[in-house]
Amino acid sequence: QVQLVESGGGLVQTGGSLRLSCAASGRSFSRDVMGWFRQAPGKEREFVTAITRSGGTTRNGDSVKGRFTISRDNAKNTVYLQMNSLKPEDTAVYYCAASSFRSYPSSHPNEYDYWGQGTQVTVSS
């Protein structure tokens, strides 16, 4: 069992930056592929980015390429999402997720078996 707790969300102006954190507990964090997803009101959950167990490979969704960066610190059981050049369309609840059975940074929500409760990010225009 894995517990995931996101933090770092908030209100930011267009063009600003935020860094989200996701602290994991309950099992060996370094064994899991980690991902970030987001969901805006009335929309489906959208893949943002993911990272392999070692942190050596990442994958980004098209809408965030060049702006968002995922990283992880296995010693601290934490994964981060650095968000730069934020736009109003980035407004959403951001979820951290862990996959215990995939070895690649999947973009499919159904390939992640543990989820955090989400943190709200609001970008004002």
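Presented here is an overview of the structure given in this document.

Each value, and the rule that gives it
Residues numbered from 1 in each chain as written. Predicted model: local features only at pLDDT ≥ 70, side-chain atom pairs only at ≥ 80, totals over all residues. Heavy atoms only, no water. Helix = DSSP H or I, 4+ residues; strand = E, 2+ residues; numbered from the N terminus. Rg over C-alpha atoms; globule rule 2.2 N^0.38 Å. Buried < 20%, exposed > 50% of the residue type's maximum accessible area, 1.4 Å probe, protein only. Contact = heavy atoms within 4.5 Å. Core = buried A, V, L, I, M, F, W, Y, C linked by side-chain atoms within 4.5 Å.

### Thoughts on the overall build of the chain
Thought 1: Across its full length, the chain carries zero helices and eleven strands.
Thought 2: Taken from N to C terminus, the helices and strands of the chain fall in the order β-β-β-β-β-β-β-β-β-β-β.
Thought 3: Its C-alpha radius of gyration of 13 Å places the chain within 12% of the 14 Å reference for a compact globule of 125 residues.
Thought 4: Along the three orthogonal principal directions, the C-alpha set of the chain runs to about 40 × 25 × 25 Å.
Thought 5: The burial tally for the chain puts 45% of its 125 residues in the buried class.

### A few points about the side chain of Asp32
Thought 1: Following the sequence through the fold, Asp32 ends up in the loop between strand S3 (18–25) and strand S4 (33–39).
Thought 2: Residue Asp32 is classed as buried on the basis of its relative accessible area, which comes to 1%.
Thought 3: Contact partners of Asp32, with chain neighbours within four places excluded, come to Val2, Arg27, Arg53, Arg72, Ala98, Ser99 and Ser100.

### As for unusual backbone geometry
Thought 1: At Asn77, a position not held by glycine, the phi torsion is positive, near 55 degrees.
Thought 2: Note that Asn77 resides in the loop between strand S7 (68–73) and strand S8 (78–83).
Thought 3: You will see that Ser85, though not glycine, has its phi angle at about 50 degrees, which is positive.
Thought 4: Secondary-structure assignment places Ser85 in the loop between S8 and strand S9 (92–99).

### Re the nonpolar core
Thought 1: Ranked by size, the top nonpolar core spans 27 residues in total, and within it Leu4, Met34, Trp36, Val79, Met83 and Tyr94 carry the most contacts.
Thought 2: Of all the secondary structure elements, the ones that give two or more residues to this core are S3, S4, strand S5 (46–51), S7, S8, S9 and strand S11 (119–124).
Thought 3: Apart from residues no more than four positions distant in its own chain, Tyr94 is found in contact with Glu6, Leu20, Trp36, Phe37, Arg38, Val48, Phe68, Leu81, Met83, Gly118, Thr119 and Val121.
Thought 4: Judged by nonpolar contacts, the second largest core, of six residues, contains Val33, Phe37, Ala50 and Tyr112.

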